[in-house]
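Residues per chain are reported as follows:
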Amino acid sequence: MAEQTSLPAGTGEAPGAPHGSTTVHGARPEAAEAKPEVAGAASDAVAPTPEAAAAKPDGAVVRDALSVGIAVGLSGFAFGVTSAGSGLSLLQTCVLSLAVFTGASQFALVGALAAGGNPYTAAAGAFFLGVRNSFYGLRLSQLLVLPRALRPFAAQWVIDETTAVTLPQPTRRAARIGFAVTGLTLYVLWNLTTLLGALGAEALGDTGTWGLDAASPAVFLALLAPMLKSATERVTAAIAVLLALGLLPVLPAGVPVLLSALAAPAVLFLSGRRKGTGRSETGTVPGRGEAGTAPSRGESTTKEITLDESMTGEIATEEGR
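Keep in mind the model is a prediction, meaning the values are calculated, not measured.

What counts and how
Residues numbered from 1 in each chain as written. Predicted model: local features only at pLDDT ≥ 70, side-chain atom pairs only at ≥ 80, totals over all residues. Heavy atoms only, no water. Helix = DSSP H or I, 4+ residues; strand = E, 2+ residues; numbered from the N terminus. Buried < 20%, exposed > 50% of the residue type's maximum accessible area, 1.4 Å probe, protein only. Contact = heavy atoms within 4.5 Å. Axes fitted to C-alpha atoms, helices over the stretch in contact; angles between N-to-C directions. Parallel < 35°, antiparallel > 145°, perpendicular 65-115°, else oblique. Left-handed = near helix turned anticlockwise from the far one by under 90°. Nonpolar A, V, L, I, M, F, W, Y, C, P; charged D, E, K, R; others polar. Phe/Tyr/Trp six-rings, centres within 6.5 Å; stacked < 30°, edge-to-face > 60°. 1 Å grid on protein atoms, 1.4 Å probe; cavity = no way out; pocket = protein on both sides within 12 Å on 5 of 7 lines; lining within 4 Å. Points joined across faces, edges and corners; volume = space filled by probe spheres on them. Core = buried A, V, L, I, M, F, W, Y, C linked by side-chain atoms within 4.5 Å. Polar contact = N/O pair within 3.5 Å; in protein donor to acceptor, adjacent residues only side chain to side chain. Patch = residues over 30% accessible without salt bridge, like charges linked within 9 Å, V, L, I, M, F, W, Y side chains within 5 Å. Areas by Shrake-Rupley, 256 points an atom, 1.4 Å probe, with all protein chains shown as cover. Salt bridge = Lys/Arg side-chain N within 4 Å of Asp/Glu carboxyl O. pLDDT = per-residue confidence, 0-100.

Asker: Explain the overall build of the protein here, please?
Answerer: A count of helical and extended segments in the protein gives 17 helices and 2 strands. Expressed as a percentage of its 321 residues, the buried residues of the protein come to 25%. Put simply, 65% of the contacts in the protein that link residues at least 6 apart link residues at least 24 apart.

This is how it looks when you write it as structure tokens:
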């Protein structure tokens, strides 16, 4: 049996303290006093995690995803009509929407064919325009972290709209919901309206009068604008737009969009050079004084070290000792 050792009565007791209480030397008086009611309240309260504090309601995520999926999905009418007008059959039009499922590449392909372009050239332009989705996939794979068996199916839904809805979500759960709802809604509606557009091409007439061909870019710009929060992001987007518009008349479809991505590294390079120039002019070194001067001798700093939950001590360190 373990031997019990007891201290003499009164040992460690502070003057005036009740018999049986023990005071730890070095502790602050207010820390030595027990406050059971406060301790009990603190133990009952559970601090929210950062993810829980930043969580977005599932209903709000679904609402945003549905609004994007429905608005862009209806523009499949325009593709169905354009594809039928370019000479593609009903089967070819529907297979394009089912297998390719990226509106910009599909419109580039049928637009080039309608203008009398070479089919191989039209296919190459559509392919280059779709390359951007592979870059989306690199970012979304880290954010969604889907099971390996689902990744091939999810890759079919990696497009502009699903990326724009997924990236701003605060948690992984919200990102997965936004990606799934946007992808499913858009895939079903896009293929359904493609079929209806191809069947009723003659009845619908010119899609320009309906404005359906402008629905997809308008929704994408509306999603992109709130994400441009800093001056660097806004400048990058403006340069990219200017590059795309300037190169559009002289390069095949899809290439101007890819080249406009060069705006990002260009702005980052110039921003880095400007920051480096500013540092060299001021001559300041992080952690030191103005113009690289060290703190004066004898300047002291006070650090507070937590010894345990109820006892803290303060030590003063003098720099230069």
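Asker: Would you take a moment to explain the packing of helix α5 (residues 76-85) against helix α12 (residues 172-199) for this structure?
Answerer: The relative placement of two packed helices comes down to the angle between their axes together with the axis-to-axis distance. Packing of α5 against α12 leaves a shortest axis separation of 7 Å and a crossing angle of 40 degrees. Put simply, α5 runs oblique to α12. Both α5 and α12 take part in a crossing whose hand is right-handed. Only Trp190, Thr193, Thr194, Leu196, Gly197 and Ala198 of α12 make contact with α5, whose side of the interface consists of Gly76, Phe77, Phe79, Gly80, Val81 and Ala84. Across the contact of α5 with α12, the residue classes break down as 7 nonpolar, 5 polar and no charged.

Asker: How should I be thinking about the packing of aromatic side chains in this particular structure?
Answerer: To describe a pair of aromatic rings, you give the distance between the ring centres and the angle between the ring planes. All chains considered together, the criterion is met by 6 aromatic pairs. When the ring of Phe79 is compared with that of Trp190, the centres are 6.1 Å apart and the planes differ by 25 degrees; the resulting orientation is stacked. With Phe79 in helix α5 and Trp190 in helix α12, this residue pair connects regions lying 111 residues apart in the sequence. Trp190 carries the same exposure label as Phe79, and that label is buried. Between Phe127 and Phe128, the ring centres sit 5.9 Å apart and the planes meet at 65 degrees, which makes this aromatic pair edge-to-face. Within the aromatic cluster, the residues linked to one another by ring pairs are Phe79, Phe107 and Trp190.

Asker: So what exactly am I meant to see when it comes to the layout of surface pockets here?
Answerer: Over the atoms a probe the size of a water molecule is rolled, and this reveals where empty space is left. Its volume calculated, the second largest pocket comes out at about 200 Å³. Taken together, Gly137, Leu140, Ser141, Leu144, Val145, Leu146, Arg151, Ala154, Ala155, Val158 and Phe179 make up the full set of residues lining the second largest pocket. Elements with a contribution of two residues or more to the lining of the second largest pocket: α9 (132-144) and α10 (151-155). At 4 residues, α9 tops the list of elements feeding residues into the lining of the second largest pocket. The residue makeup of the lining of the second largest pocket, split by class, is 8 nonpolar, 2 polar and 1 charged.

Asker: I'm lost on the nonpolar core in this one. Help?
Answerer: A general trend in soluble globular proteins is that nonpolar side chains are found buried together. Core analysis: the biggest nonpolar cluster contains 28 residues, and Leu96, Phe101, Leu144 and Phe179 have the highest contact counts within it. Elements supplying a minimum of two residues to this core: α4 (58-73), α7 (103-114), α8 (119-130), α9 and α12. Of the residues forming this core, the biggest block, 7 residues, is contributed by α12. Setting aside anything within four residues of it in sequence, one finds Leu144 in contact with Thr166, Arg172, Ala175, Arg176 and Phe179.

Asker: Would you take a moment to explain the side chain of Thr166 for this structure?
Answerer: Tracing the chain through its elements places Thr166 in helix α11 (residues 160-166). Polar contacts involving the side chain of Thr166 include one to the main-chain carbonyl oxygen of Thr162, which spans 2.6 Å. Residues contacting Thr166, with those up to four places away along its chain left out, are Leu140, Leu143, Leu144, Ala175, Gly178 and Phe179.

Asker: Help me out: how do you make sense of a nonpolar patch on the surface in this one?
Answerer: The grouping of Leu90, Leu192, Leu195, Leu196 and Leu199 at the surface amounts to a nonpolar patch, some 410 Å² of accessible area in total. As for its position among the elements, Leu195 is in helix α12. When its relative accessible area of 30% is taken as the criterion, Leu195 is described as partly exposed.

Asker: Just to check I follow, could you spell out the pattern of salt bridges for this structure?
Answerer: Pairing is possible between side chains of opposite charge, provided their charged atoms come close. Within this structure, the stated rule accounts for 4 salt bridges. A salt bridge links Lys56 to Asp64; the nearest nitrogen and oxygen atoms lie 3.0 Å apart. Among the salt bridges present, the one from Asp64 reaches Arg63, with a minimum N-O distance of 3.9 Å. Assessed through its relative accessible area of 27%, Asp64 is described here as partly exposed. Linked by salt bridges that have partners in common, Lys56, Arg63 and Asp64 make up one network.

Asker: Please explain the confidence of the model for the protein as it appears in this structure.
Answerer: Predicted coordinates in regions of low pLDDT should not be interpreted in detail. Averaged over every residue, the pLDDT of the protein is 74; residues scoring 70 or more account for 63%. Within the protein, no element has a lower average pLDDT than strand β1 (residues 300-306), which sits at 42, and none a higher one than α12, at 95. Taken as a whole, residues 288-321 scores under 50 in pLDDT and shows 41 contacts with residues more than four places along the chain or in a different chain.

Asker: Looking at this structure, how should I read the packing of α5 against helix α6 (residues 90-99)?
Answerer: Across the interface, α5 lies against α6 with an axial gap of 9 Å and an inter-helix angle of 135 degrees. By the angle between their directions, the pair α5 and α6 is classed as oblique. In this structure, α5 crosses over α6, and the sense of that crossing is right-handed. Contact with α5, carried on its side by Phe79, Gly80, Ser83 and Ala84, involves Thr93, Leu96 and Ser97 of α6 and no other residues of that element. In terms of residue class, the contact of α5 with α6 is made up of 3 nonpolar, 4 polar and no charged.

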